Amino acid sequence: MKAIAQDVYGSAEVLQLRDVDEPSIGAGQVLVQVRAAGVDPGVWVCMTGRPYAARLAFGLRRPKVAVLGRALAGVVAAVGPDVRDVQPGDEVYGTSPSGTFAEYAAVSVQRLAAKPPRLSFEQAAAVPISGVTALESVRDGGRVKAGQRVMIIGAAGGIGSFAVQIAKEFGAHVTGVCSTGKVDLVRSLGADEVIDYTRDEIDRDGPRYDVIIDIAGCRPLPLLRRALTPRGTLVLTGGGHDAGGLLGGYTRQLRAPLMTLFTSQHLRGLASRERAQELEELGRLIESGAVTPVIDRTYPLADTSSAIRYLAEGHPAGKVIVTV
Ligand SMILES: NC(=O)c1ccc[n+]([C@@H]2O[C@H](COP(=O)([O-])OP(=O)(O)OC[C@H]3O[C@@H](n4cnc5c(N)ncnc54)[C@H](OP(=O)(O)O)[C@@H]3O)[C@@H](O)[C@H]2O)c1
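Residue indices begin from 1 for each chain and proceed along its sequence in written order. The model is predicted, so local features are restricted to residues of pLDDT at least 70 and side-chain atom pairs to those at 80 or more, both for listing and for counting; the totals for chains, interfaces and linings are taken over all residues. For the side-chain quantities, the full set of heavy atoms in the structure was used; hydrogens and water were omitted.

> Sorry, what's going on with the state of the cysteines here?
In protein structure, a disulfide is the covalent linkage between the sulfur atoms of two cysteines. What counts as a disulfide here is a pair of cysteine sulfur atoms lying within 2.5 Å. Evaluated as defined, the whole model comprises zero disulfides. Left unpaired, Cys 46 is separated from the closest cysteine sulfur, that of Cys 218, by 19 Å. Cys 178 takes part in no disulfide bond, and the closest cysteine sulfur, belonging to Cys 218, lies 18 Å away. Between buried and exposed lies partly exposed: a residue is buried under 20% and exposed over 50% of the maximum accessible area for its type, with that area taken using a 1.4 Å probe on protein chains only. With a relative accessible area of 3%, Cys 178 lands in the buried category.

Next up, the structure:
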């Protein structure tokens with residue numbers, strides 16, 4: 001099958017469109033014919049091997065898995081032993097650690113759910129990483145409740161565009177933070193207020209937010225805490241995958257739990273889990289019309305390197321998708 005693969009870490013030049021073996025499937029797995037795959041900063045991390053700490057998981061000297069990509073939407077081509085609820089021909093979405101920028105991917109049923117019928121394959125491929133991370137940030141990290149004031153930093157990006165819609169559905173008063181060109185988009189997603197970070201800093205209105213979900217920008221913890229109420233919750237979802245060094249900008253995630261011991265504010269990092277149950281919950285939100293993926297650009301499989309270069313510029317408006 002055709003796939004985007006790499007033998008060494010590096011910039012998008014290391015990616016090759018080439019023939020690789022179709023993945024084999026074991027018990028509890030299905031073979032999915034990939035129709036679309038999501039591009040997210042995690043793909044950039046796997047490609048570059050940066051921050052360097054990521055190589056502990058993905059391979060010290062070279063990538064353990066040659067095929068890139070993690071989120072997918074497609075059609076089940078075959079099912080392995082012990083798979084009962086999924087049949088060939090089913091339209092599904094989910095994640096595969098063995099690569100999705102490819103014609104076929106092996107997916108565990110624990111990371112898979114039925115594709116919401118309302119969505120195209122391109123829209124569905126936006127959900128399994130970015131939608132799930134947004135849901136977990138709002139529901140588990142922020143424990144957002146109706147009537148709370150919630151700030152979402154990076155509101156126009158892959159995760160943020162979902163997080164704004166989900167926080168609104170949870171009944172929050174939402175303030176999105178983005179650059180000037182994205183203000184209208186963030187309002188159209190339902191944000192009650194928007195802060196253009198090129199003009200104002202996030203603490204411009206004082207300590208008024210019950211929950212801040214920091215997805216982008218790597219702001220220092222003291223600045224974030226200045227915008228939080230005294231008993232507010234800060235969720236560090238992202239920011240800093242490209243900040244360099246051993247840990248990139250993720251030292252904030254390490255410091256936050258320690259600082260929480262000495263303050264009435266709750267500061268926590270978020271590590272998303274890729275599970276069928278979140279995909280099913282998002283499917284319900286999508287089918288009800290509460291959440292709709294925002295697609296910025298789509299690229300054909302052969303042009304995946306351009307998709308990653310565009311994402312790496314750091315300013316997508318919604319999701320970047322590869323079609324297969
Ligand atoms: N915790 C987890 O489990 C988990 C899971 C997945 C991803 N992540 C991390 O989450 C982060 C964001 O992922 P993503 O998919 O949303 O990325 P993305 O699609 O590339 O979006 C990033 C957004 O950040 C905005 N931005 C850039 N600089 C900013 C600044 N100074 N202040 C506010 N916003 C700024 C950009 O919009 P503007 O044009 O408006 O600047 C862009 O829309 C990454 O660091 C990723 O590694 C974490």
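Anyway, onward from the coordinates.
> Whenever I open this one, the site of the ligand confuses me. Can you help?
In the neighbourhood of the ligand, 28 residues make up the surrounding shell, with Gly 158, Lys 182, Tyr 197, Thr 237 and Leu 270 lying closest. The separation between an oxygen atom of the ligand and a polar main-chain atom of Gly 158 is 2.8 Å. Think of a polar contact as two N or O atoms within 3.5 Å of one another; within protein, one of them needs to be a possible hydrogen donor and the other a possible acceptor, and neighboring residues in sequence only count if both atoms come from side chains. The separation between an oxygen atom of the ligand and a polar main-chain atom of Ile 159 is 3.0 Å. Computed by Shrake-Rupley with a 1.4 Å probe, the accessible areas treat only the displayed protein chains as cover when residues are assessed. In isolation the ligand offers 930 Å² of accessible surface; the protein chains occlude 88% of this area. Per-class residue counts for the shell around the ligand are 13 nonpolar, 13 polar and two charged. It suffices for a single heavy atom of a residue to lie within 4 Å of a molecule or strand for the residue to be listed as near it. Polarity classes work like this: nonpolar for Ala, Val, Leu, Ile, Met, Phe, Trp, Tyr, Cys and Pro, charged for Asp, Glu, Lys and Arg, and polar for all others, with Gly in that last group.

> Would you mind going over the sheet that holds strand β13 (residues 266-269) with me for this structure?
Strand pairing in a sheet is mediated by backbone hydrogen bonds. Such pairs are either parallel or antiparallel. By definition, two strands form a pair when at least two bridges between them are found by DSSP. Think of it this way: any DSSP run of H or I at least four residues long counts as a helix, any run of E at least two long counts as a strand, and we number them from the N terminus. The strand order across the open sheet built from six strands is β10-β9-β8-β11-β12-β13, with neighbouring strands paired in parallel fashion. Bordering the open sheet on either side are β10 (193-196) and β13, each of which pairs with just one other strand. The sheet shows a mean angle of 15° between the axes of neighbouring strands, taken without regard to direction. Pairing of strand β8 (residues 149-153) with strand β11 (residues 209-214) involves four bridges; the strand directions are parallel. By the bridge assignment, Ile 153 is partnered in β11 with Asp 214. Strands in contact with helix α5 (residues 158-169) are β8 and β9 (173-178); relative to β8, the strand with the most contacts, it is inclined by about 170°. By the convention used here, residues are in contact when the closest approach between their heavy atoms is within 4.5 Å. All axes are obtained by fitting lines to C-alpha atoms, using only the stretch in contact for helices, and the reported angles, taken between N-to-C directions, cover 0 to 180 degrees. Packing against the sheet, helix α8 (residues 251-260) makes contact with β11, β12 (228-236) and β13, and its axis sits at approximately 150° to β13.

> Is there a simple way to think about the nonpolar core in this case?
The nonpolar side chains of a soluble globular protein tend to be buried, and buried together. For this analysis, a nonpolar core means a set of buried residues of the types Ala, Val, Leu, Ile, Met, Phe, Trp, Tyr and Cys, connected via side-chain atoms within 4.5 Å. Judged by nonpolar contacts, the single largest core of 45 residues is most densely connected at Tyr 93, Val 127, Ile 152, Ile 166, Ile 213 and Leu 282. Reported domain spans reflect what an automatic or database domain assignment gives. Split by domain, the residues of this core number at least three in each of domain 1 (2-126 + 294-323) and domain 2 (130-269). Discounting chain neighbours no more than four positions away, the residues touching Ile 152 are Gly 160, Ala 163, Val 164, Ala 167, Val 174, Thr 175, Gly 176, Val 177, Ile 213 and Ile 215. With 32 residues, the next largest nonpolar core counts Ala 12, Phe 101, Ala 105 and Leu 311 among its residues.

> What exactly am I supposed to notice about the pattern of salt bridges here?
Any two side chains of opposite charge can pair, given that their charged atoms come close. Salt-bridge detection follows one rule: a side-chain nitrogen of Lys or Arg within 4 Å of a carboxyl oxygen of Asp or Glu. Throughout the structure, instances matching the rule amount to 22 salt bridges. The salt bridge partner of Asp 7 is Arg 18, with a shortest N-O separation of 3.0 Å. You can see Asp 7 sitting in the loop between β1 (2-5) and β2 (16-19) and its partner Arg 18 sitting in strand β2, a full eleven residues away along the chain. A relative accessible area of 42% means that Asp 7 is categorised as partly exposed.

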